[in-house]
Amino acid sequence: MTVTDLPRTAWRPADLERAVSEVEAEAARYAEVCDREARFPAEALEAMRRTGLLGLLVPAEDGGPGGGTADLLAVSSRLSRTCMSVGMIFTMHCQQVAAVVRDGGPLRERLLPRIVRGELYLASVTTEAAGGGHLLSSGSQLTAGDDSTVRVDRFAPVVTGGSHADGFLITALAPDATSPSRLSLVYADRDQLTVTVRGGWNPMGMRATHSAPLHLAGEIPRDQVVGEHGAFRDIAVRTFAPLAHLGWAACWQGAADGALQRVVTLLRAERRRHDLDSPLLLARLSRVRQRLDTVHALITHTASVLASAEDTTSPPVQLLVNAVKLTASELCPAAADELTDLMGMRHGYLKDSPTGLERTLRDLRSAPLNYSNDRLHAADGVLALMDREVRHV
Ligand SMILES: Cc1cc2nc3c(=O)[nH]c(=O)nc-3n(C[C@H](O)[C@H](O)[C@H](O)COP(=O)(O)OP(=O)(O)OC[C@H]3O[C@@H](n4cnc5c(N)ncnc54)[C@H](O)[C@@H]3O)c2cc1C
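Residues numbered from 1 in each chain as written. Predicted model: local features only at pLDDT ≥ 70, side-chain atom pairs only at ≥ 80, totals over all residues. Heavy atoms only, no water.

### Side note on the UniProt feature "domain: Acyl-CoA dehydrogenase/oxidase C-terminal" (unreviewed entry) in the chain
Then step 1. Residues annotated by UniProt as "domain: Acyl-CoA dehydrogenase/oxidase C-terminal" (unreviewed entry) correspond here to residues 247-367.
Then step 2. As annotated, residues 247-367 has a helix share of 79% and a strand share of 0%, and its two end C-alpha atoms lie 12 Å apart. (UniProt positions renumbered as here; feature names shortened; annotations may be inferred. Helix = DSSP H or I, 4+ residues; strand = E, 2+ residues; numbered from the N terminus.)

Dropping the structure here:
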């Protein structure tokens, strides 16, 4: 069957539920071993390919399931309850898909059918060795090949799922760039590149993302660009930052929700061992829940503002989008930390507890680093100065 034969209707809730359950089951089966061995959850990715979940954001008119932001956030959060690495792998791939859908131009018809068929898992290459996480500058440049091609020669220090990706969206200075901020976002197929693994991946948490360093080199057609050459800033502000901040926050909230769910289940199952009337225990549970409800409300509100705002690049909207990332990356680890105090040594700290708190805490510790909160606060300070009237949206 070709993509033109596919039914051009959006998935029904039952289709989505079936696909997510299948991926979730694979994530659960391999979460512990992937964390222990810091290996990529290939089985969960295979299930995303098989079920069509990889194509969630491809519109129905392009043969995809026609999922929207709310679906993306719900799925990212749900998968993260079991394995936050799987949730992140999914949400980061979907950010790349959204960029292709919105600004892919001729790339759309080349890439979207492959994504729908589960043949194209996309990795993200934005971080640089020198500039760290600074999204809007780069030290590597695309150079002119022949008339119709450009050369990529890029070291990428952190690439989630890089060894399993079928294609990459890569930021680099535009071929004609005269300033360090004139970035392009280009697409490169794995087959078009020489991909060399340049190191290992042995982090504290998020171990199953297998975000090892890569060197990417090759020549690609000049028109494999998302948007215009030199216009990455626009894609970053309109697509990457909003979907990254919302998607990551959904994963962090999902991971903390999963921990709370397992703690409450255990407390209720072992009623005799825990004093469920203890004011300290109840206050701690309340604070955890309060934090997670706050994050959930902020995610939901921001998603609805983005869906209806006339100008998503205005300072108040950008501040709100950044507030999602900053707030979720503080409150979700704090919630997991509080659960550790609540449960104590046996079920808060030991690796083999059914609460899984130890892994959740290690995973969530990455949240403030995954695009540095310090950098984001510096950007927000500038935006706050621009919004003289202090307009909340
Ligand atoms: C699990 C995980 C998966 C990831 N996957 C990917 C991926 O697939 N692709 C990808 O491209 N990247 C990925 N990243 C990278 C991520 O997006 C960030 O860019 C990266 O974590 C930042 O690294 P850094 O802390 O070394 O860099 P920096 O952002 O440079 O920060 C280092 C420190 O410098 C300080 N600092 C530096 N400059 C400033 C400034 N101007 N203002 C304030 N403080 C400053 C900050 O305090 C910060 O603590 C991933 C990260 C994680 C944790």
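### Remarks on the UniProt feature "domain: Acyl-CoA dehydrogenase/oxidase N-terminal" (unreviewed entry) in the chain
Then step 1. The UniProt feature table records "domain: Acyl-CoA dehydrogenase/oxidase N-terminal" (unreviewed entry) at residues 22-119.
Then step 2. In this annotation, residues 22-119 is assigned 71% helix and 0% strand; the end-to-end C-alpha distance for the span is 18 Å.

### Describing the sheet that holds strand β3 (residues 149-156)
Then step 1. Spatially, β2-β3-β7-β6 is the arrangement adopted by the 4 strands of the open sheet, whose pairing is antiparallel. At either margin of the open sheet sits one strand with a lone partner, and together these are β2 (143-144) and β6 (193-197).
Then step 2. Pairing analysis gives 2 bridges linking β2 to β3, with the strands arranged antiparallel. Bridging across to β3, Ala144 finds its partner in Val150. (Pairing = 2+ DSSP bridges.)

### Looking at the domain arrangement of the chain
Then step 1. Splitting the chain by domain gives domain 1 (10-121), domain 2 (125-226) and domain 3 (232-386).
Then step 2. With centres defined by C-alpha atoms, the gap from domain 1 to domain 2 works out at 22 Å.
Then step 3. With 28 residues of domain 1 at the contact, the number on the domain 2 side is 20 residues.
Then step 4. Summed over both sides, the interface of domain 1 with domain 2 buries roughly 1,900 Å², with 62% coming from carbon and sulfur.
Then step 5. In terms of surface lost to domain 2, no three residues of domain 1 exceed Ala38, Phe40 and Tyr121, which account for 27% of the buried area on that side. (Domains from an automatic or database assignment. Contact = heavy atoms within 4.5 Å. Buried area = accessible area lost by both parts, 1.4 Å probe.)

### So, the packing of helix α8 (residues 315-348) against helix α9 (residues 357-364)
Then step 1. Packing of α8 against α9 brings their axes to within 9 Å, and their N-to-C directions diverge by 150 degrees. In terms of their interaxial angle, α8 and α9 are classed as roughly antiparallel. Crossing of α8 against α9: the hand is left-handed. For the pair α8 and α9, contact is made by Cys332, Pro333, Ala336, Asp337, Leu339, Thr340, Met343, His347 and Gly348 and by Leu357, Glu358, Thr360, Leu361 and Leu364, respectively.
Then step 2. A per-class count over the contact of α8 with α9 returns 8 nonpolar, 4 polar and 2 charged. (Axes fitted to C-alpha atoms, helices over the stretch in contact; angles between N-to-C directions. Parallel < 35°, antiparallel > 145°, perpendicular 65-115°, else oblique. Left-handed = near helix turned anticlockwise from the far one by under 90°. Nonpolar A, V, L, I, M, F, W, Y, C, P; charged D, E, K, R; others polar.)

### Some remarks on the site of the ligand
Then step 1. In the vicinity of the ligand, 18 residues are found, and the nearest of them are Ser124, Thr127, Thr160, Asp374 and Arg375.
Then step 2. Within the backbone of Ser124, one N or O atom sits 2.8 Å away from a nitrogen atom of the ligand.
Then step 3. A distance of 2.6 Å separates a nitrogen atom of the ligand from a polar atom in the side chain of Thr127.
Then step 4. In the complex, 67% of the free accessible area of the ligand, which totals 970 Å², lies under the protein chains.
Then step 5. For the shell around the ligand, the secondary-structure elements that each account for two or more residues are β1 (122-125) and α10 (373-386).
Then step 6. Residues that form the shell around the ligand fall into these classes: 7 nonpolar, 9 polar and 2 charged. (Near = heavy atom within 4 Å. Polar contact = N/O pair within 3.5 Å; in protein donor to acceptor, adjacent residues only side chain to side chain. Areas by Shrake-Rupley, 256 points an atom, 1.4 Å probe, with all protein chains shown as cover.)

### Thoughts on the packing of aromatic side chains
Then step 1. For the structure on display, the rule yields 3 aromatic pairs.
Then step 2. Geometrically, the ring pair formed by Phe40 and Tyr121 is tilted, given 6.1 Å between the ring centres and 40 degrees between the ring planes. Residue Phe40 is found in the loop between α1 (13-37) and α2 (42-51), and its partner Tyr121 is found in the loop between α5 (107-116) and β1; the two are separated by 81 residues along the sequence.
Then step 3. On the accessibility criterion, Phe40 (4% relative accessible area) is buried.
Then step 4. Judged by centre distance (5.6 Å) and plane angle (80 degrees), the rings of Phe232 and Phe240 are edge-to-face. (Phe/Tyr/Trp six-rings, centres within 6.5 Å; stacked < 30°, edge-to-face > 60°. Buried < 20%, exposed > 50% of the residue type's maximum accessible area, 1.4 Å probe, protein only.)

### Concerning the environment of Ala174
Then step 1. Along the chain, the position of Ala174 falls in the loop between β4 (167-173) and β5 (183-189).
Then step 2. Since its relative accessible area comes to 0%, Ala174 is described here as buried.
Then step 3. Remark: the alpha-carbon pair of Ala174 and His229, spanning 55 residues in sequence, is separated by 5.7 Å.
Then step 4. The contacts of Ala174, once residues within four sequence positions are left out, are Gln141, Leu142, Arg182, Leu183, Ser184, His229 and Gly230.

### Considering α10
Then step 1. Along its 14 residues, α10 runs 20 Å from first to last C-alpha, staying within 8% of the 20 Å computed at 1.5 Å per residue.
Then step 2. Within α10 the residues assigned to the buried category are Asn373, Leu376, Asp380 and Leu383. Burial along α10 is one-sided: seen end-on, the buried residues are contained in an arc of 75 degrees. For α10, the exposed residues lying more than 90 degrees away from the buried face are Asp374, Ala378 and Leu385. (Expected span 1.5 Å × (residues − 1). Arc of directions from axis to C-beta.)

### Things to note about unusual backbone geometry
Then step 1. The residue His210 is not glycine, and still its phi comes out positive at about 40 degrees.
Then step 2. On the basis of relative accessibility, which here comes to 22%, the residue His210 falls in the partly exposed class.
Then step 3. Phi is positive for Val390, which is not a glycine, with a value near 50 degrees.
Then step 4. Here Val390 lies in the segment after α10.
Then step 5. The exposed category is assigned to Val390, whose relative accessible area is 54%.

### Topic: the sheet that holds β4
Then step 1. Strand order in the open sheet made by the 4 strands is β1-β4-β5-β8, with mixed pairing throughout. At either end of the open sheet lies a strand with only one pairing partner, and these are β1 and β8 (225-226).
Then step 2. Where β1 and β4 come together, 4 bridges link them in parallel fashion. Its bridge partner being in β4, Val125 is matched across the sheet by Ile170.
Then step 3. Running at roughly 90 degrees to β1, helix α4 (residues 84-103) makes contact with β1, β4, β5 and β8 of the sheet.

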